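Geometric and topological summary
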Amino acid sequence: MANSEVAAADQGYERGLSARTVQMIAIGGAIGTGLFYGAGGAIEKAGPALILAYLVAGLAVFVIMRALGELLVYRPVSGSISEYAEEFLGRFAGFANGWTYWAVWTTTCMAEITVAGKYVHYWWAPIPQWVTALTVLLVLFVANLISVKIFGEAEFWFSMIKVTAIIGMILIGIGVLLPITGFGPEVGPSLTNLWNDGGFFPTGFGSALMSLQIVVFAYVGVELVGVTAGEAQNPKVTLRKAINTLPFRIGLFYVGALLVILSIRGWRNYHAGQSPFVAVFQYLNIPASAGIVNFILLTAALSSCNSGIYSTGRMVRSLAQRGDAPTGLQALSSRHVPMLAICFSTLTISIGVLVNYLSPDKAFAYVTSVSTIGIIFVWGSILVSHMVYRRRVAAGLLPASDYRLPGAPYSTVLALGFLALVVVLLFFDADGRTAILVGAVWFVIVVLGYFIHRGDRTAQLDPQG
């Protein structure tokens, strides 16, 4: 695909995302419900070994993001993840990748509105979970229709709240752990909680491995900066800076936060269905702190859903422009927003409201299992696209990017091996097998959709045929 052709893919968008906004979107994309809410079940499954799982998965995610960054500097474009799959892996790969990424974010949004309902229950238990889910979805839908600047500003402040909160919680935790401060319980909080109850792998090494599927879901969103390429100011510089800070974000927000939480209180005190962040502040008995943390967790859910509506709208428009979705979905409003694509995605996300109504207790587990297998496919396609790109550069067919993935192709192969391991592990867990089954059904739907849609386009282009 020629660069001139691809440049047309972003025609009509407004570059309304400033460098400060993209940086904060990148930071906020790495902090979501998977950490704030899903970590409770992961701690129960793996104990302190979860810290190592987040670290290993974080290294793989960093390789994926550097591979994406190299492609983004080579050619920054909205819908980049799907665009690169089509350019380097073929038409079907672009079709499958784009729709799968759309499915990942629609199901992730379903998860976010699910836990938003749980967080509101903390204050107002009589309000049905599905009512909160519907309200949240409608508010964010309207915000995304106004303009990309509104989305960017909302995401900036959502992310600012999350970042400030985690840094604050880590500092409070350090104060609790230091005996000289006299802050917190005199007995209980200690670094020895990381190993004094069954060791660092209290539930076994196998259980730590099994937690990787939960960990992978927690990292969904780090690739969101790639979708902003078509609307970011000076994308080649801005996106490079955003990706370079990823190791720091993983180290601080994931590893650092879990170290503090598991040191303040032993791993047996955290359970699935309860945020460990809320639990630890309830334990410390700081006035109003649990309610404040609950508000922060609600903000995280709103942030992720806001990003999901944004990314699915841009991805659907990108697919429509390439002929992989109904052409009407590529229309832009007078505010340079893909209005019909956003409406289509939001309508699909509203299925999550129905899931909340029918099965509020299991809604989060259902949708996260779907997102996990989808994001593995998407991340894998980024790595394979990068490998093909490097080969074409070596053959002199494409210009080299000046932002390169260190250690490639070996680092790329190792990251692909990690993703393959996670897929294998899914077969050994009930929720994982659900994800595999749903993934297989989704792949059949994608294949059928591709051939049906291609047949329709062929008929349109050659009506005499």
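Located above this text is the structure these notes cover.
Residues numbered from 1 in each chain as written. Predicted model: local features only at pLDDT ≥ 70, side-chain atom pairs only at ≥ 80, totals over all residues. Heavy atoms only, no water.

**Focus: a nonpolar patch on the surface**
Just so we agree on the cut-off: Like charges within 9 Å and nonpolar side chains (Val, Leu, Ile, Met, Phe, Trp, Tyr) within 5 Å are joined into patches, using only residues over 30% in relative accessible area that form no salt bridge. Note on areas: Shrake-Rupley, 1.4 Å probe, and residue coverage restricted to the protein chains presented here. Throughout this description, the term salt bridge denotes a Lys or Arg side-chain nitrogen within 4 Å of a carboxyl oxygen of Asp or Glu. A run of H or I in DSSP counts as a helix once it spans at least four residues, and a run of E counts as a strand once it spans at least two, with each numbered from the N terminus. Burial status follows relative accessibility: with a 1.4 Å probe on protein chains alone, a residue under 20% of its type maximum counts as buried, one over 50% as exposed, and anything between as partly exposed.
A cluster of nonpolar side chains, namely Leu52, Leu55, Val56, Phe200, Phe201 and Phe205, defines an oily patch on the protein surface of about 500 Å² accessible area. With three residues, helix 5 (residues 50-74) is the largest single contributor of residues to the nonpolar patch. Among the secondary structure elements, phenylalanine 205 is positioned in helix 10 (residues 205-210). Residue class for phenylalanine 205 comes out exposed when judged on its relative accessible area of 53%.

**Examining the side chain of threonine 348**
Inclusion rule: We define a polar contact as two N or O atoms separated by no more than 3.5 Å, with the added condition that, inside protein, one atom must be a possible hydrogen donor and the other a possible acceptor, whereas residues neighbouring each other in sequence contribute only through side-chain atom pairs. Whether two residues touch is decided by their heavy atoms; if any such pair falls within 4.5 Å, the residues are in contact.
Tracing the sequence through the fold places threonine 348 in helix 17 (residues 339-349). Its relative accessible area of 17% is what places threonine 348 among the buried residues. In terms of polar contacts, threonine 348 uses its side chain to reach the backbone carbonyl oxygen of phenylalanine 344, at 3.1 Å. Discounting chain neighbours no more than four positions away, the residues touching threonine 348 are Trp102 and Met110.

**Focus: helix 20 (residues 410-426)**
Defined as follows: Residue count minus one, scaled by 1.5 Å, sets the expected span of a helix. Comment: arc refers to directions from the helix axis out to C-beta atoms.
With 17 residues, helix 20 should cover 24 Å at 1.5 Å per step; its first-to-last C-alpha distance of 25 Å lies within 8% of that length. Three or more residues of helix 20 are buried, namely Ser411, Thr412, Ala415, Phe418, Leu419, Val422, Leu425 and Leu426. Considered in projection along helix 20, the buried side chains sweep an arc of 145° and stay on one side of the axis. Of the exposed residues in helix 20, those oriented more than 90 degrees away from the buried face are Tyr410 and Leu414.

**Considerations on the nonpolar core**
Nonpolar side chains tend to gather and get buried jointly when the protein is soluble and globular. Our working definition: Here the nonpolar core consists of buried residues drawn from Ala, Val, Leu, Ile, Met, Phe, Trp, Tyr and Cys, with membership extended through side-chain atoms lying within 4.5 Å.
Judged by nonpolar contacts, the single largest core of 148 residues is most densely connected at Tyr54, Tyr219 and Trp379. When neighbours within four sequence positions are excluded, tryptophan 379 is seen to be in contact with Val61, Ile64, Val216, Tyr219, Val220, Val222, Glu223 and Leu419.

**Overview of the pattern of salt bridges**
Per the stated rule, a full pass over the model turns up nine salt bridges. Here lysine 45 ties to aspartate 429 by a salt bridge, and the two come within 3.6 Å at their closest N and O atoms. Here lysine 45 is found in helix 4 (residues 39-46), whereas its partner aspartate 429 is found in the loop between helix 20 and helix 21 (430-461), with 384 residues between them in sequence. Under the relative-accessibility criterion, aspartate 429 is labelled buried at 16%. With a closest N to O distance of 3.9 Å, arginine 322 and aspartate 324 form a salt bridge.

**Comments concerning the packing of helix 8 (residues 129-146) against helix 17**
Basically, it comes down to this: To obtain an axis, a line is fitted to C-alpha atoms, over the contacting stretch when the element is a helix, and the angle between two such axes runs from 0 to 180 degrees between their N-to-C directions. Between 65 and 115 degrees an angle is taken as roughly perpendicular, under 35 as roughly parallel, over 145 as roughly antiparallel, and anywhere else as oblique. Each residue gets one label: Ala, Val, Leu, Ile, Met, Phe, Trp, Tyr, Cys and Pro are nonpolar, Asp, Glu, Lys and Arg are charged, and the others, such as Gly, are polar.
Between helix 8 and helix 17, the least distance of the axes is 10 Å, while the angle of their chain directions is 170°. In terms of orientation, helix 8 lies roughly antiparallel with respect to helix 17. Along its contact with helix 8, which presents Leu137, Phe141, Asn144 and Leu145, the element helix 17 presents Met339, Ile342, Cys343, Thr346 and Ile349. For the contact of helix 8 with helix 17, the residue count by class is seven nonpolar, two polar and no charged.

**Examining the packing of aromatic side chains**
Rules: For Phe, Tyr and Trp, where Trp contributes only its six-membered ring, two rings pair if their centres lie within 6.5 Å, and the inter-plane angle classes them as stacked under 30 degrees, edge-to-face over 60, or tilted in between. In this analysis the charged atom, NZ for Lys or CZ for Arg, is taken to sit over a ring once it is within 6 Å of the ring centre and within 35 degrees of the ring normal.
Taken as a whole and assessed by the stated rule, the structure comprises 18 aromatic pairs. Seen in terms of ring centroids, tyrosine 54 and tyrosine 219 are 5.9 Å apart; in terms of plane orientation they differ by 70°. Their pairing is edge-to-face. On the criterion of sequence distance, the pair formed by tyrosine 54 in helix 5 and tyrosine 219 in the loop between helix 11 (212-218) and helix 12 (224-227) is long-range, its members being 165 residues apart. Comparing tyrosine 54 with tyrosine 219 shows no difference in burial state: the two are buried. Ring centres of phenylalanine 92 and phenylalanine 443 lie 6.4 Å apart, and the angle between their planes is 90°; on these two criteria the pair is classed as edge-to-face. Taken together, the residues span a long stretch of sequence, with phenylalanine 92 in helix 7 (residues 91-121) and phenylalanine 443 in helix 21 at a distance of 351 residues. Residue phenylalanine 92 is classed as partly exposed on the basis of its relative accessible area, which comes to 27%. Ring pairs connect the aromatic residues Phe92, Phe95, Phe443, Tyr450 and Phe451, which therefore count as one cluster. The ring of tyrosine 403 is capped by arginine 66, whose NZ or CZ atom sits 4.2 Å from the centre of that ring.

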